[in-house]
Structure formats: structure tokens, C-alpha cells
Amino acid sequence: QVQLVESGGGLVQAGGSLRLSCAASGRTFSYIMGWFRQAPAKEREFVASAGWSAGSTYYSDSVKGRFTISRDNAKNMVHLQLNSLKPKDTAVYYCAARSSSSYEYKSWGQGTQVTVPS
């Protein structure tokens, strides 16, 4: 079982940037690492994912061009760079992991809060 711990959340003004990090323990070789977010009174939504190899990244339309996901496989970490932040990006951001042979994310972090005041 993969354990995940997020860090890097905070309060930032609109237009600003944040970098979220997720430290993974356990074997993550060939795992898909993802970021999700959940805003108050809303369903959790997919933000971005990255496969083991560079270039296999996917983004939701709402963040494409503003957020960048990256993996450091040597350090077993995944990052999410958030640029041009908007108040609608306010949410708890979760790191998640799934086996490449499954569509279900089975490992989740505790979440980190990102707040962009309007």
C-alpha cells in the first residue's frame, strides 16, 4: 500500500502561484500519480495525472495551461505547480495513486488546503 503526504498549500492572491508536493512511501513504480481537488459543497474532481514516464500527463480543462504536474521518480515525489490562480481554484487538493492496471485510485493523501480569496 502506498502512503501519500501532501504539502505546500496556503493562501495566495488571485494571479499568484503555489507548488504542491506529495511524498510517496512504498513502491510506486509504474503507478499513475494524480491530483484531485474538492471545493466546499462540491464533488471531488480530477485535476491532473502523470504516468511513470515523462510526457504521460493529463489535465482537466479547467486547469490546462495553468497547472503543471511533474514527478521525481528518484525521490518518489510528485508535484503540482499552480500558476495564475483564481478564486475558483480554492479547494482541498489531494494526491492519489493507482496501479497502471487499474482505473481506481486506491491510495490517497490527507489533503492540503489552497485558498485564493476573491
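K.L.:
Run through the overall build of the protein, naming residues and quoting values.
P.N.:
For the protein, the helix and strand inventory stands at zero helices and 11 strands. The globule rule puts the C-alpha radius of gyration for 118 residues at 13 Å, and the 13 Å found for the protein is close to it. Overall, the protein is about 40 × 25 × 25 Å in size when its C-alpha atoms are taken along their principal axes. Classification of the 118 residues of the protein by burial places 44% in the buried group. By sequence separation, contacts in the protein at least 24 residues apart represent 54% of the contacts at least 6 residues apart. If the 13 positive side-chain charges of the protein are averaged to one point and the 7 negative ones to another, these points end up 4 Å apart.

K.L.:
Residues and numbers for the state of the cysteines, please.
P.N.:
Per the stated rule, a full pass over the model turns up one disulfide. Sulfur-sulfur distance for the disulfide between Cys22 and Cys95 comes to 2.1 Å. Handedness here is read from the sign of the S-S torsion; for Cys22 and Cys95, about -80°, the answer is left-handed. Here Cys22 is found in strand E3 (residues 18-25), whereas its partner Cys95 is found in strand E9 (residues 91-98), with 73 residues between them in sequence. With respect to class, Cys22 is no different from Cys95; both count as buried.

K.L.:
Tell me about the packing of aromatic side chains, and name the residues and values.
P.N.:
As enumerated under the stated definition, the model contains five aromatic pairs in all. On the numbers, 4.9 Å between centres and 75° between planes, the contact of Phe29 with Trp52 is edge-to-face. Here Phe29, found in the loop between E3 and strand E4 (32-38), pairs with Trp52, found in the loop between strand E5 (45-50) and strand E6 (57-59); they are 23 residues apart in sequence, far enough to count as distant. When the centroid spacing of 6.2 Å and the interplanar angle of 55° are considered together, the rings of Tyr105 and Trp108 count as tilted. Given the relative accessible area of 28%, Trp108 is considered partly exposed. Taken together through their ring pairs, the aromatic side chains of Phe36, Phe46, Tyr105 and Trp108 make up a single cluster. Seen from the ring of Trp108, Arg44 lies directly overhead, with NZ or CZ sitting 3.8 Å from the centre.

Reading guide: rules and limits
Residues numbered from 1 in each chain as written. Predicted model: local features only at pLDDT ≥ 70, side-chain atom pairs only at ≥ 80, totals over all residues. Heavy atoms only, no water. Helix = DSSP H or I, 4+ residues; strand = E, 2+ residues; numbered from the N terminus. Rg over C-alpha atoms; globule rule 2.2 N^0.38 Å. Buried < 20%, exposed > 50% of the residue type's maximum accessible area, 1.4 Å probe, protein only. Contact = heavy atoms within 4.5 Å. Lys, Arg positive; Asp, Glu negative; His and termini not counted. Charge placed at Lys NZ, Arg CZ, Asp CG, Glu CD. Disulfide = S-S within 2.5 Å. Phe/Tyr/Trp six-rings, centres within 6.5 Å; stacked < 30°, edge-to-face > 60°. Lys NZ or Arg CZ within 6 Å of the ring centre and 35° of its normal.

Honestly, that's just the spatial picture; any functional story needs more than this.
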